[in-house]
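Here is how the chains run, residue by residue.
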Amino acid sequence: MLDLEVVPERSLGNEQWEFTLGMPLAQAVAILQKHCRVIKNIQVLYSEQSPLSHDLILNLTQDGIKLLFDAFNQRLKVIEVYDLTKVKLKYCGVHFNSQAVAPTIEQIDQSFGATHPGVYNSAEQLFHLNFRGLSFSFQLDSWTEIPKYEPNFAHGLASLQIPHGATVKRMYIYSGNSLQDTKAPLMPLSCFLGNVYAENVDVLRDGTGPSGLRLHLLTAGCGPGVLADAKMRVFERCVYFGDSCQDVLSTLGSPHKVFYKSEDKDILFDANTHEVKKFVLHTNYPGHYNFNIYHRCEFKIPLVIKGDSADSQTETCTAYSKWDSIQDLLGHPVEKPVVLHRSSSPNNTNPFGSTFCFGLQRMIFEVMQNNHIASVTLYGPTQPSSQLRTSDLPHLSTQEWYGGEIQPFIMGHGTVDGGKQLRCLCHHLFLSIALILCSTDPKRLSPLLSWQKGEMEEGHVMTAGVKSTNFLSLGASGSSFRNNNKFWKRLFL
């Protein structure tokens, strides 16, 4: 039997884990998966045809607890304990519900103190005792007591007194003063765990189609070991088609996960150029094969609608738009949809069924059978060739190479004291710098970043300590490079 601490308007948990209001669905599921030997028999309850009309519920049947998540933002809105016989509950370290302590009205009053008078709900035949962020529901012992607690009986004053000995039937933890009007709070700082989350994403367009993403990001930074000093940081970043892997890393930080060929991705890079080729935006609807792999992306996609005249207007597609409404705006695709049937292996079946993929305006909409959008894939403009042409390289005169500050390069493969040396003397080639980075490990990336800034000694191929063959090391001769900021900007930007 679980022994849990109740914190009004905040959480329910113990020393190992905690369900916190505002927690994303994925984090709650991660807790359940980690403690699957203790917390068993979990049900996921949702509306298959109208997933936005009802809350998404995780039902802990063995422990009598329901976690209610907002259907739109998928953050924890209400924690309900509907069977107090299956769990032990305490407040400030003192039990008010256990095998030895019954959760009577007297016990609740002793544990939580005075509050407003109880309110009788005739439809549910329950008394509700409300604190801020916490409510208890009591059931009457007999049907004979019900009439005198009706609102019109004794001028309504009878509802001020809950019968002695009445026991708690349900308990609710929520944000605010009213359970009926509560909303899922913002994600608490304790749930960031060093990650960066996208509050919303705007799809940028040019004259031909999507050109990139503008991301409004949230993160939490804190002082040295002091959570109380933590603050929410809000900032904006843009990622475009054609950005390199290094550009994306410097813009968004290290990825939460790295996927490979056989797995789904969010930002896809071209295998030859290592530049951004596609973006995938996920809506994370229950009933989809990839549900709970991703957080919901709150995207806004401008759709260009061409009218009879030369002028065109723009409508917005969001994660909550239905495919029928998009087709009414853009017109039905000429080609039939591609049927997509996901499964972990050829012998496994997908219980959620197939989805349908439609292509419009350099975008592919994956549509579920309930007419909701499962994902949107954005494509960049087609490139005529991925080969580097000599005309694309910066042109430097002979005077700039030999008479100015810039000296010929020394390029070596290996560590500082090893590798075959090659001298690049052709001034038209300008040494097409290609730093092949096969690992995104920040420990390996940090020496690389310091080298890019020009903090290197004369004759070094790379800063000391990097001996991995994952790098193609490049260096330069001549101390004049170290403080030439104009040169480094021209080289790497």
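Further up the page is the structure itself.
A brief look at the structure comes next. For clarity, every value in this text was computed on a predicted model and none was experimentally measured.

Okay, the overall build of the protein chain next. From N to C terminus, the protein chain includes seven helices and 27 strands. Contacts spanning at least 24 positions in sequence make up 53% of the contacts within the protein chain whose residues lie at least 6 apart. In the structure as shown, the protein chain presents an accessible area of about 27,700 Å², 51% of it carried by carbon and sulfur atoms.

Core analysis: the biggest nonpolar cluster contains 47 residues, and F19, L89 and F136 have the highest contact counts within it. Looking at this core element by element, the count peaks at five residues for helix α1 (residues 25-34). Not counting the four nearest positions on each side in its chain, F136 is found in contact with F96, I108, F112, F127, H128, L129, F131, V168, R170 and M171. By size, the runner-up hydrophobic cluster in this structure holds 28 residues, among which are F279, I301, L360 and L378.

With six of its seven residues buried, strand β24 (residues 373-379) lies for the most part within the structure. Pairing of strand β18 (residues 276-282) with β24 involves five bridges; the strand directions are antiparallel. Its bridge partner being in β24, K278 is matched across the sheet by Y379. Note: strand β23 (residues 363-367) against β24, five bridges, orientation antiparallel. Note on β24: the bridge partner recorded for E366 is S375. Hairpin connection of β23 to β24: five residues between the antiparallel strands, including N371 at a positive phi of 80°.

This paragraph deals with the environment of V367. Among the secondary structure elements, V367 is positioned in strand β23. Between the C-alpha atom of V367 and that of V339, which follows or precedes it by 28 residues, the distance is 9.8 Å. Beyond its immediate stretch of four places on either side in the chain, V367 contacts W323, T355, F356, F358 and H372.

Let us now look at the packing of aromatic side chains. Following the criterion strictly, the structure yields 13 aromatic pairs and no others. Taken together, a centroid distance of 4.9 Å and an interplanar angle of 55° make the contact between W17 and F19 tilted. Note on F19: relative accessible area 1%, which makes it buried. When the centroid spacing of 4.5 Å and the interplanar angle of 25° are considered together, the rings of Y91 and F112 count as stacked. With a gap of 21 residues between them, Y91 in strand β8 (residues 87-91) and F112 in helix α2 (residues 105-112) connect regions that are remote in the sequence. An aromatic cluster is present here, built from Y91, F96, F112, F131 and F136 joined pairwise through their rings.

Turning our attention to the side chain of K77. Tracing the backbone through its elements, the reader meets K77 in strand β7 (residues 76-81). Owing to a relative accessible area of 14%, K77 belongs among the buried residues under this scheme. Here D55 takes part through its side chain, which lies 3.1 Å from a polar atom of the side chain of K77. Ignoring any residue separated from it by four or fewer positions in sequence, one finds K77 in contact with L21, D55, L68, F69, D70, I173, Y174, T182, K183 and A184.

Next up on the list: helix α3 (residues 245-252). Inspection of α3 places V248, L249 and T251 among the buried residues, and these make up the whole buried set. The arc that holds the buried residues of α3, viewed along the axis, is 165°, so those residues lie on one side. Within two residues after α3, G253 carries a phi angle of roughly 90°, on the positive side.

The next subject is the pairing of strand β22 (residues 355-360). Bridge analysis of strand β21 (residues 338-340) against β22 gives three bridges, and the strand direction is antiparallel. Each residue of the ladder has a partner; that of V339, found in β22, is F356. Here five bridges tie β22 to β23, and the two strands are oriented antiparallel to one another. In the strand pairing of β23, F358 is matched with F365. Linkage of β22 to β23, two consecutive antiparallel strands, is achieved through a turn of two residues, within which Q361 is found at a positive phi near 50°.

Reading the values: rules and limits
- Residues numbered from 1 in each chain as written.
- Predicted model: local features only at pLDDT ≥ 70, side-chain atom pairs only at ≥ 80, totals over all residues.
- Heavy atoms only, no water.
- Helix = DSSP H or I, 4+ residues; strand = E, 2+ residues; numbered from the N terminus.
- Contact = heavy atoms within 4.5 Å.
- Areas by Shrake-Rupley, 256 points an atom, 1.4 Å probe, with all protein chains shown as cover.
- Core = buried A, V, L, I, M, F, W, Y, C linked by side-chain atoms within 4.5 Å.
- Buried < 20%, exposed > 50% of the residue type's maximum accessible area, 1.4 Å probe, protein only.
- Pairing = 2+ DSSP bridges.
- Phe/Tyr/Trp six-rings, centres within 6.5 Å; stacked < 30°, edge-to-face > 60°.
- Polar contact = N/O pair within 3.5 Å; in protein donor to acceptor, adjacent residues only side chain to side chain.
- Arc of directions from axis to C-beta.

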